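Summary of structural features
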Amino acid sequence: MHIVVCIKQVPDSAQIRVHPVTNTIMRQGVPTIVNPYDLYALEEALRLKDEYGARVTVLTMGPPMAEAALRKAISYGADDAVLVTDRIFAGSDTLATSYALAAAIQQISKDIPVDLVFTGKQTIDGDTAQVGPGVAKRLEMQLLTYVSKIRSLDTDRQEIVVERRSEGGVQVLKTKIPSLITVLEGNNEMRFATMANMFRAARYPVKIWNKDAAGIEDPTKTGLKGSPTVVSKVFAPTPRATKAEIIQCESNEPKDLSVTLLAKMFTKFPNIEKELLKRSA
Amino acid sequence: MSEETKKPAPAGKKKFELDERLKAYKGVWVFIEHERGAIHPVSLELLGEGRKLADMLGVELTGVVMGPPGETTRSFCQEAFYHGADLCYLIEDPLLQDYRNEPYTKGLTDLVNKYQPEILFLGATTLGRDLAGSVATTLKTGLTADCTELNIDLDVRSLLASRPTFGGSLLCTIQTLNYRPQMATVRPRVMAMPERDATRNGRIIEDTLGMIESSIITKVLEFIPDEMQDKPQLPFADIIVAGGRGMKKPENFKLIWELAQVLGAEVGATRPVVQAGWVELDRQVGQSGKTVRPKLYIAVGISGAIQHRVGMDASDVIIAINNDPNAPIFDFAHYGIVGNAMTILPALTEAFKAHLATARKAG
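Each value, and the rule that gives it
Residues numbered from 1 in each chain as written. Chains lettered and ligands numbered in written order. Predicted model: local features only at pLDDT ≥ 70, side-chain atom pairs only at ≥ 80, totals over all residues. Heavy atoms only, no water. Helix = DSSP H or I, 4+ residues; strand = E, 2+ residues; numbered from the N terminus. Rg over C-alpha atoms; globule rule 2.2 N^0.38 Å. Buried < 20%, exposed > 50% of the residue type's maximum accessible area, 1.4 Å probe, protein only. Contact = heavy atoms within 4.5 Å. Areas by Shrake-Rupley, 256 points an atom, 1.4 Å probe, with all protein chains shown as cover. Lys, Arg positive; Asp, Glu negative; His and termini not counted. Charge placed at Lys NZ, Arg CZ, Asp CG, Glu CD. Expected span 1.5 Å × (residues − 1). Pairing = 2+ DSSP bridges. Axes fitted to C-alpha atoms, helices over the stretch in contact; angles between N-to-C directions. Parallel < 35°, antiparallel > 145°, perpendicular 65-115°, else oblique. Left-handed = near helix turned anticlockwise from the far one by under 90°. Nonpolar A, V, L, I, M, F, W, Y, C, P; charged D, E, K, R; others polar. pLDDT = per-residue confidence, 0-100. Salt bridge = Lys/Arg side-chain N within 4 Å of Asp/Glu carboxyl O. Buried area = accessible area lost by both parts, 1.4 Å probe. Polar contact = N/O pair within 3.5 Å; in protein donor to acceptor, adjacent residues only side chain to side chain.

Overview of the overall build of chain A
The secondary structure content of chain A amounts to 7 helices and 15 strands. Over its C-alpha atoms chain A spans a radius of gyration of 24 Å, topping by over 25% the 19 Å that the globule rule assigns to 281 residues. On the principal axes, the C-alpha backbone points of chain A span a range of 75 × 45 × 40 Å. Counting across all 281 residues of chain A, residues that qualify as buried make up 52%. In chain A, the proportion of contacts linking residues at least 24 apart, taken out of those at least 6 apart, comes to 69%. Approximately 13,200 Å² of chain A is accessible, and the part contributed by carbon and sulfur atoms is 53%. Looking at charge distribution, chain A has the averaged site of its 36 positive side-chain charges lying 3 Å from that of its 32 negative ones.

Focus: helix α4 (residues 101-115) of chain B
A turn of α-helix holds 3.6 residues, and therefore any two residues three or four places apart point the same way. Residues and elements named next belong to chain B. Here α4 is 15 residues long and its end C-alpha atoms lie 21 Å apart, about the 21 Å a rise of 1.5 Å per residue gives. For α4, the complete set of buried residues consists of Asn101, Glu102, Pro103, Tyr104, Thr105, Gly107, Leu108, Thr109, Leu111 and Val112. Gln116 sits one or two residues past α4 and shows a positive phi near 50 degrees.

Thoughts on the sheet that holds strand β10 (residues 170-176) of chain B
One open sheet holds the 4 strands; their spatial order is β14(A)-β10(B)-β9(B)-β8(B), and the pairing between them is antiparallel. Looking at strand neighbours, the two that pair on one side only are β14 (229-235) of chain A together with β8 (149-153) of chain B, the edges of this open sheet. Neighbour to neighbour, the strand axes of the sheet diverge by 30 degrees on average, direction disregarded. Pairing analysis gives 5 bridges linking strand β9 (residues 158-165) of chain B to β10 of chain B, with the strands arranged antiparallel. From the neighbouring strand, Arg163 of chain B faces β10 of chain B, where its bridge partner is Cys172 of chain B. On top of the sheet, helix α2 (residues 41-57) of chain B reaches β8 and β9 of chain B; it is set at about 5 degrees to β8 of chain B, its chief contact.

Concerning the packing of helix α4 (residues 131-139) of chain A against helix α5 (residues 126-139) of chain B
In contact at an axis separation of 8 Å, α4 of chain A and α5 of chain B are set at 45 degrees when each is read in the N-to-C sense. Comparing the axis directions of α4 of chain A and α5 of chain B gives the class oblique. The crossing of α4 of chain A and α5 of chain B is right-handed. Two secondary-structure elements touch here, α4 of chain A through Pro133, Gly134, Lys137 and Arg138 of chain A and α5 of chain B through Arg129, Asp130, Gly133, Ser134, Thr137 and Thr138 of chain B. For the contact of α4 of chain A with α5 of chain B, a count of residues per class yields 1 nonpolar, 5 polar and 4 charged.

With respect to the packing of helix α6 (residues 254-268) of chain A against helix α9 (residues 341-362) of chain B
Where α6 of chain A contacts α9 of chain B, the two axes come as close as 8 Å, and the packing angle between them is 50 degrees. As the angle between them shows, α6 of chain A and α9 of chain B are arranged oblique. For the pair α6 of chain A and α9 of chain B, the crossing hand works out as right-handed. Facing α6 of chain A, whose interface residues are Pro254, Lys255, Ser258, Val259, Leu261, Leu262, Met265 and Phe266 of chain A, α9 of chain B presents Thr343, Ile344, Ala347, Leu348, Ala351, Phe352 and His355 of chain B. Taken together, the residues of the contact of α6 of chain A with α9 of chain B break down into 11 nonpolar, 3 polar and 1 charged.

Topic: the confidence of the model for chain B
Any segment with low pLDDT has predicted coordinates that should not be analysed in fine detail. Mean pLDDT over chain B stands at 92; residues scoring 70 or higher make up 94%. Note that pLDDT drops below 50 for residues 1-12 of chain B; the model gives that stretch 1 contact with residues more than four away or on any other chain.

A short note on the pattern of salt bridges
Taken as a whole, this structure holds 47 salt bridges over all chains when the rule is applied. In this structure, the salt-bridge partner of Glu67 of chain A is Arg71 of chain A, at a minimum N-O distance of 2.5 Å. Residue Glu67 of chain A and its partner Arg71 of chain A are located together in helix α2 (residues 67-76), separated by 4 residues, close to a single helical turn. Judged by its relative accessible area of 23%, Arg71 of chain A falls in the partly exposed class. Arg279 of chain A is the partner of Glu275 of chain A in a salt bridge, and the nearest nitrogen-oxygen pair spans 3.1 Å. Residue Glu275 of chain A and its partner Arg279 of chain A are located together in helix α7 (residues 270-280), separated by 4 residues, close to a single helical turn. In this structure Glu275 of chain A comes out as buried when scored by relative accessible area, which is 6%. Arg279 of chain A gets classed as partly exposed once you look at its relative accessible area, which sits at 32%. What emerges from the salt-bridge pattern is a single network uniting Glu275, Lys278 and Arg279 of chain A together with Asp238 and Lys295 of chain B.

Re the interface of chain A and chain B
Taken residue by residue, the interface counts 80 residues in chain A and 85 residues in chain B. Taken over both partners, the interface formed by chain A and chain B buries close to 7,400 Å², and the fraction arising from carbon and sulfur atoms is 59%. Taken together, the connections running from chain A to chain B amount to 6 salt bridges. The closest approach of N and O atoms between Arg151 of chain A and Glu222 of chain B, which form a salt bridge, is 3.3 Å. Here chain A and chain B share 38 residue pairs in polar contact (both at pLDDT 80 or more) between them. Of the residues forming the side of chain A that touches chain B, the biggest block, 11 residues, is contributed by α6 of chain A. Here the residues of the side of chain A that touches chain B are counted per class, giving 35 nonpolar, 22 polar and 23 charged.

Pasting the structure below:
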């Protein structure tokens, strides 16, 4: 059993600040983390490894510094790590990213065939949830998104049964491997790195592949060139014409402020009062 | 001298020319999502938005309905007409009983290749995102996720799809220039629900799936429906009281629950609050949580970062309570109280209680 887990190094979005005048992102000093959703995928792969025996390879596409994310994954217990990095990948949208990742997975498969590919449900920087489905289609693997639980794995029959979150319920699906699974958050908790794995991670020779090593056959399908979508404008949200009416009254006591607020609001928006009366009736 | 020769050469940027073979792509499509016998509201919301864009482009608005054979599936076409569609492509097949990626991807991809729409929208639901990513990759075209605004650049007949970027701090507009169709997903409640007009009608064009069960690898073993009564239904709540980091401690959050109870409201929260474990994930409002459109939204201790704003901006009336008079929430709320939430919230709860009791007596 060989599982490839796709991870991404992302800026810790909670710490991103926008320059108040130029409206540009101030990236300096923003720490990077492994996309939190990908850790659920990695932990799920490590659990399959514990239970069924498996080799877990972590894969990322990104700048050279993304190697740190792979070492983190090794410290948690992944066996092997591949960084796909090349200037020509810069500016890739989700379609171009899925092309490069699929090529790399095929390359990884040449050594040991890949049975399962795991990803997080989405990243916290792009939030698109599009790369997983894209990679599955390119590799012609069965696609299982928003998987909340792996019920069983039969390595002899190459069958896997999973629970998948859908609108209004849970679908229980049985499919054949190879398949690609995007793992939902909150179903497991990342284990602690062991001392032995931390030492291993520090010394581990991460494979660093450029476009040729990653088996990219058509470079025009990667990077800006290979991206059908283009960002034509970045802008701050337009402010409302009128700002909030700040409630003030003589005493400015919480009680008086509250009464003033309700009087103003119910005069201007009588339907709100009606709605509230209706529900408390 | 003829008029033409006097005309000055066009100034400015070079005009974008669409590839000749892509000019045949015409029309705006909405994938009509349904599960267990009902259309997902996001599809109707998309029809409302799609109608505006189709009118701008001077083309038809089309719904795509796929499902098992029967009256229910057919009735979805009718609903699509009532909500603005001119035409529906309909594929009925027993293999489409439950959603599965393979047959739905094939059906939708085949329709696109055959009838060539210039724009295709899907809801950003678990189903829509699964299908959109697969279809866009199969068609090798552009897909923009979770758009909050849709428009058309009429000069180049291009979809302008805007969405939050950089973790939600800014918005960006994305175009798919030399590829068709231009695909985008939109989350439930981001667009307004159009009026249902039962006098409208449209044409149905039927097609076939052309698959057999044995060729589909993934099988559905069972479906376990959610116990609805336990799950917060934030996107469709009319009144929401939401708390943010300004509530300081998890214990203080009970003040939010108390006001919500008096108002018969749902409780919402920001991402930091959910991540800290103060409330469950289903209550998160914003870019990475739910989008809401209540009649009244009370934001307490919420600064109003764009990540949160995009999820609640469409509320009819927004009340903000925050101790920072410069908090961005006051730029788009309707009413604001500057002060300590821990003292104002109990007073506000009392004021609502008293007012509603008096009004009820009077009524």
